Each structure stands twice: as structure tokens, then as C-alpha cells.
Amino acid sequence: MATQTLDATATELATLEIRGLRASVEGKEILKGIDLTVRQGEVHAIMGPNGSGKTTLANVLMGRPGYEVTAGEIRFRGQDIVALPTDQRAQLGLFLAFQYPTEIPGVSVVNFLRTAYNAVHSDAQLSALAFRKLLKEKMDTLGVDDEMVRRYVNQGFSGGEKKRNEVLQLAVLAPAIAIMDETDSGLDIDSLKAVAGGVAQLIGPNLGVLLITHYQRILNYITPDHIHVMMSGRIVLSGGPELAPQLEQKGYEGLRAELGIEGAFDEEDPEREA
Ligand SMILES: Nc1ncnc2c1ncn2[C@@H]1O[C@H](COP(=O)(O)OP(=O)(O)O)[C@@H](O)[C@H]1O
Ligand SMILES: [Mg+2]
């Protein structure tokens, strides 16, 4: 029988099932009926213009406070998780890499990661030494140097370092399903290569990924099994990797016109890095 721990990952593949999901923020409906299934080992990309609700979906899936699920369900490992707090979703094997990672002054990356690891793997605590070994392994895989993990979390980090740190977290926590929210945004081409290459190395039968992106360019490094286009809180088109170049050519406006979807795009996200 599945327990509420990561032990379950060893024996059965985890599935995230989203059915008819509607959600509101501050009384305004943002998600207007999302259906999506992500299995461990699969890579799904969600693409869409700014303001389409991608980050809202990520936050709702992770149970971030301030989002109200008004209809539908989110099931993970067969269990309805809508009422579960974020830490319990993480213990079940869900992970979210933030679009805008926050600074944690006074807490080093090493200590943060060890605390997070032990919180998520409550049944498999690691000693400081054993954790160091695990961390070193992941750092080597991803090409992260010692200096970075001694610094305070995200404090003074460049855009690229912040996103690398999210990928290091992903590697260390080893979730069943990872939601990556615009892990490519604000990166120059070298950082993008490093970050996307890191994620690509982690992808395998034990990891399912929901890769949220505005741009097609990260898909040059990570080939998704499925691509979904989100507009105005709905998935308006799903297909295989061939959708990416088609979208690149048409643009979201072109696709919107082609599908006859009403409404103009929301403004550019003011926080977005160039
Ligand atoms: N905390 C919030 N308060 C009010 N409105 C929000 C909040 N978060 C998101 N929204 C609104 O929800 C819509 C979708 O935003 P978001 O999910 O960030 O889209 P995306 O990630 O696709 O750019 C936008 O209209 C945005 O203004
Ligand atoms: Mg977003």
C-alpha cells in the first residue's frame, strides 16, 4: 500500500491528475477549467503568453496560500490533494521551482537544502556527512561550485545563479513530479544552456516534469513529450514537440486568431527580467 512518503516512488509510478480545475485569486477567476495528466517519467511543456495563468496553475498545484480552488480536482498518487498543505504535497513528491526565487538572508544554500531534504524525506533523514556526500554528487553533476552553496540563499545571486540553485534543489530533493516555472526566463544564452542542460540530465524514468515557459528556446535543450498551450486560463491546444516550431512561427497572437479565441493579452509582466 502506498504510504504518504517518498518510499512510494520506489514501488509505483506517481501520476498527477488535474480535472476540470478552476481557481481564483482575490475573487477573480484565473484558471477556467484545466485538464492535464503528468506521469512520472514524462515531460510536459506548458507554453503561453504572459498573464495566461501559468504561474497561477503552478501555485495552485503546490498549494500556495491565496489561491482558491473553486471546482475540479487535483489528484496525486491517487489521492485528492486540494486540501493538503504545501509541505505534505512536497512529502508526497511534488516540487515547484519558482519563477522568481526569493532570498533567504542568513541561511546558506547547504543548510537550506539539508533542512528541505530532511523535511521532505522525513522517513530517511541523512546525517550531515551523508547529506554532504549526496549534495557533492549533485553539484558535480550540475557543475555547481562550492562557493555558491556556502552563500546565503539567492542573496546577491545573478538571475542565472538563482535558477541554477532551483535546479540543484530539484536534484537534491528528487521529487516524482517537478513543476518548473519559467526556469529559462531572464537567462542569457550561456546560463540557459547550463540550466536547461542540468534539467535535461535529471530527466529520466523517475522524474516527471511540467515545464512552464513563455519562450520556445528552452525546448531546444529539453524535448518535451507533450506541449500544451495555455491562454486565458485554459489549455487551448495540446500536441507533440512539433508544436514548438509551429508556435514560434505563428506567435501566440496568430494562434489566438486561428483558434478564434476572444480577448487581448494582458500587459507584460512588470517583474519580468529582459
Ligand atoms: N496574487 C495575485 N493577485 C491578483 N491577481 C493575480 C495574482 N496572481 C496572478 N494574478 C492575475 O492572474 C492572471 C494570470 O497571472 P499568472 O498566473 O502570473 O500568468 P502567467 O504566469 O501565465 O504570466 C493575471 O491576470 C494576473 O494579473
Ligand atoms: Mg508566470
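Higher on the page you've got the structure.
In this text the structure is predicted, and so the values were computed from the model without any measurement.

**Q** I would appreciate a short explanation of the sheet that holds strand β5 (residues 79–80) in the present structure.
**A** Consider a sheet: its strands pair through backbone hydrogen bonds, and that pairing is either parallel or antiparallel. Spatially, four strands are ordered β2-β1-β4-β5 in an open sheet, and the strand pairing comes out antiparallel. Each having just a single partner strand, β2 (28–39) and β5 make up the two edges of the open sheet. Across nine bridges, strand β1 (residues 15–25) lies against β2 in antiparallel orientation. Each bridged residue has a counterpart across the sheet, and for Glu 17 the counterpart in β2 is Thr 37.

**Q** Sorry if this is basic, but what is going on with the sheet that holds strand β3 (residues 43–47) here?
**A** Judged by pairing direction, the sheet is mixed, and its six strands sit side by side in the order β6-β9-β10-β3-β11-β12 without closing on themselves. Every interior strand has two partners, whereas the edge strands, β6 (94–97) and β12 (234–239), have only one. Strand-to-strand twist of the sheet, defined as the mean angle between neighbouring strand axes without regard to direction, takes the value 20°. When strand β9 (residues 177–181) meets strand β10 (residues 208–213), the two strands line up parallel, connected through five bridges. Bridge pairing in β10 places Ile 179 opposite Leu 210. Contacts from helix α2 (residues 54–62) reach β3, β6, β9, β10 and β11 (226–231) within the one sheet, and its direction differs from that of β9 by about 145°.

**Q** Just checking my understanding: could you explain the site of ligand 1 for this structure?
**A** Near ligand 1 there are 14 residues, and of these Asn 50, Ser 52, Lys 54, Thr 55 and Thr 56 occur at the shortest range. Ranked by residue count, the leading element in the shell around ligand 1 is α2, at three residues.

**Q** So what exactly am I meant to see when it comes to unusual backbone geometry here?
**A** Glycine aside, residues mostly have negative phi angles, and peptide bonds mostly take the trans form. For Asn 154, which is not a glycine, the phi torsion comes out positive at approximately 65°. The residue Asn 154 is located in the loop between β8 (152–153) and α7 (159–173) in this model. Positive phi, normally seen in glycine, also occurs at Ala 174, with a value near 45°. The residue Ala 174 is located in the loop between α7 and β9 in this model.

Conventions used here
- Residues numbered from 1 in each chain as written.
- Chains lettered and ligands numbered in written order.
- Predicted model: local features only at pLDDT ≥ 70, side-chain atom pairs only at ≥ 80, totals over all residues.
- Pairing = 2+ DSSP bridges.
- Helix = DSSP H or I, 4+ residues; strand = E, 2+ residues; numbered from the N terminus.
- Axes fitted to C-alpha atoms, helices over the stretch in contact; angles between N-to-C directions.
- Contact = placed C-beta atoms within 7 Å.
- Near = placed C-beta within 6 Å.

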